[in-house]
Protein chains: 2
Amino acid sequence: MKPYVVGVDIGGTNTVFGIVDARGAVIASSSIKTLKHNNVGDFIDELHQGITQLMEQNDAVGKVAGIGIGAPNANYYTGMIEKLVNIPWPTPLPLARMVSEKFGIPVAITNDANAAAIGEMTYGAARGMKNFIMITLGTGVGSGIVINGQMVYGHDGFAGELGHVIMKRNNGRLCGCGRTGCLEAYCSATGVARTAREFLETRTDPSVLRDLPVEQITSKDVYDAAVGGDKLAKEIFEYTGNILGEAFADFTVFSSPEAIILFGGLAKSGDLLLKPLKESMEKNMMPMFKGKVKVLISELKEADAAVLGASALGWEAK
Amino acid sequence: MKPYVVGVDIGGTNTVFGIVDARGAVIASSSIKTLKHNNVGDFIDELHQGITQLMEQNDAVGKVAGIGIGAPNANYYTGMIEKLVNIPWPTPLPLARMVSEKFGIPVAITNDANAAAIGEMTYGAARGMKNFIMITLGTGVGSGIVINGQMVYGHDGFAGELGHVIMKRNNGRLCGCGRTGCLEAYCSATGVARTAREFLETRTDPSVLRDLPVEQITSKDVYDAAVGGDKLAKEIFEYTGNILGEAFADFTVFSSPEAIILFGGLAKSGDLLLKPLKESMEKNMMPMFKGKVKVLISELKEADAAVLGASALGWEAK
């Protein structure tokens, strides 16, 4: 059996790639600018060049079992990217086939949140778990669901959009998906910033956040203020954790996971987020599931996580 | 390979059992009173007697591959009934082991909604489907979820309690599970009757339902009134369908099923329920899933469904 896989994470700005061994060590990694090329063919050429160079430098030529790619709206079943928002390549894009033809190596693709879940199951906090849910708290709220040890892709390959369950059925915030009240509109980094603006507008109590230009407040600003003891900033985290906990209780009646694992920037907020989240989850939990579901933080190193997650998919590429 | 399985459905009143062949034909069936015996040992003795008699009459002795049992709160993993509400047997009850020892035949158990889903996948509307959700609209709202062709039991064996997602986060109705706002409190047969009482109390428009003693109104009364053209009764179905549609849109972002299949008394309400349900589901659906998810009615004959569903589990009993 070939000893390596290659993981590729295609982001809106950078595309990171690396060679990974069976134990999850990133042997070598590098990156290119995703948007340097308007033409996807040129992008694949540069990716090929970069990965080939890495393979040559690390004696990995001919030793790569598969390439796994994490990309927005990527469909595991079809190998296609169905839609791109900030990248000007034509869609649907048969990316798996194109990359596979270029490299002569099997390629599997999935969306970034699913890749993170596969990485966590293969190398991280979910090792040995057959039933868990990965929630990525970044610009949006993404998710990857594992049931019976398998990724849940659903009938069309797009299952696991848990950022888009409706948490507020009345007067909910507009979401990027076009509907209102989605989890993502409240509990992403962007959602936290929106909550900050909402709280600052509708309340009158003092906060260091009032010293910042209101339209430019980020979740990082809220975090810093909360760490510094700012009461309003802490309440923003309580509000966020409370909604996440309500959502997690609903997720539990669906798949009864052993754990829900948090990943992404907001997941590093520590007890500011985790304490209200866990309290709300248990308070809202159906009695038969109370005390059963762990909330864990990803154990993958942030810098490696995207590549590791995608690479794990490389082992099952055919 | 042995040509038959036995299905047993343990209900609060009757326990129905039957011999089923590989094509899903119920060769013979019978029933006993579940509550005739306070002692579960006596119950199993009578069940053994009844099933043995059926086997003898139908030349099936020695030809039964397995026994599948559907029972409330039955855990597929452990073979235990964890809790019983209206049946006075001690819990946790190792039913699978007890029945298996009595018969000398492998036994598998699961809850009734999961049994219905397995039956539908093996013999009914979900034949050939790898990803679907079965929703049973009876006294409560039960569910059985199939993903990648497998029943979803979750980490603890109790996954698929979709009747207990929260649909009303503020001022929701009290649910049997002890929380408020659950889907079941609105969209079960009982929920429909509660909606009727609520509408009759808070509104003043005329309805034939006002001729009935308000505490005794059933979902059947509401159905009959709606079929007869009663406007308020029709609106009760619209209200019910609307909430089911909202819930189904949320279920879709989780597992992206090919179909959601309705079973149970209310599922026979036809377009009174289905039309508002489908409209609401599509209206609330995340754009990427619009128009993709079928809403179907169970194809299992009501009288046979419970036994068929449980029997299908018999094929995988070990």
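Summary of the structure given here. Position labels on residues start from 1 in each chain and follow its written sequence. Each chain takes a letter, starting from A, and each ligand takes a number, starting from 1, following the order in which they are written. Local features in a predicted model are, by the rule used here, given only for residues with pLDDT of at least 70; side-chain atom pairs are given and counted only at 80 or more, and totals for whole chains, interfaces and linings are based on all residues. Just so you know, side-chain values use all the structure's heavy atoms and leave hydrogens and water out.

## A word on the relation of the copies chain A and chain B
In screw terms, the move from chain A to chain B is a rotation of 180° and a rise of 0.0 Å along the axis, fitting with an RMSD of 0.0 Å. Expressed as a symmetry operation, the mapping of one chain copy onto the other fits a two-fold axis. Residue by residue, 100% of the interface of chain A is reproduced at the interface of chain B, so both copies engage with the same surface. When the copies are superposed, the least-squares fit draws on C-alpha atoms of residues that have pLDDT of at least 70 in both. Note on contacts: a residue pair is in contact if any heavy atoms of the two residues lie within 4.5 Å.

## A few points about the interface of chain A and chain B
Facing the 40 residues of chain A at the interface are 40 residues of chain B. Summing both partners gives a buried area of about 3600 Å² for chain A against chain B, and 56% of it is carried by carbon and sulfur. Values labelled buried area give the accessible surface lost by two parts on being combined, using a 1.4 Å probe and summing over both. By the criterion of area lost to chain B, the three top residues of chain A are His155, Arg169 and Phe254 of chain A, representing 22% of everything that side buries. Salt bridge, as applied in this entry: a Lys or Arg side-chain nitrogen positioned within 4 Å of an Asp or Glu carboxyl oxygen. Joining chain A to chain B, the criterion identifies six salt bridges. With a closest N to O distance of 3.8 Å, Arg169 of chain A and Glu246 of chain B form a salt bridge.

## A closer look at the sheet that holds strand S2 (residues 14-21) of chain B
Whether parallel or antiparallel, the strands of a sheet pair through hydrogen bonds between backbone atoms. All names here are of chain B. Whether two strands pair depends on DSSP finding at least two bridges between them. Each helix corresponds to a stretch of at least 4 residues labelled H or I by DSSP, and each strand to a stretch of at least 2 residues labelled E; elements are numbered beginning at the N terminus. Strand order in this open sheet of five strands is S3-S2-S1-S4-S5, and the pairing throughout is mixed. Looking at the sheet topology across the chains shown, the edges are occupied by strand S3 (26-33) and strand S5 (107-110). Neighbouring strand axes in the sheet, compared pairwise and without regard to direction, differ in orientation by 15° on average. One ladder, built from four bridges, connects strand S4 (residues 64-70) with S5; its direction is parallel. Directly across from Ile67, in S5, lies its bridge partner Val107. Interaxial angles span 0 to 180 degrees and are taken between N-to-C directions of axes, which are lines fitted to C-alpha atoms, for helices over the stretch in contact. Sitting on the sheet, helix H1 (residues 40-57) is in contact with strand S1 (4-10), S2, S3 and S4, with an inclination near 35° to S2. Strand contacts of helix H9 (residues 302-314): S1, S2, S3, S4 and S5, with the helix running at about 125° to S4, the strand carrying the most contacts.

In short, the description is geometric, and any link to function would need to be established separately.
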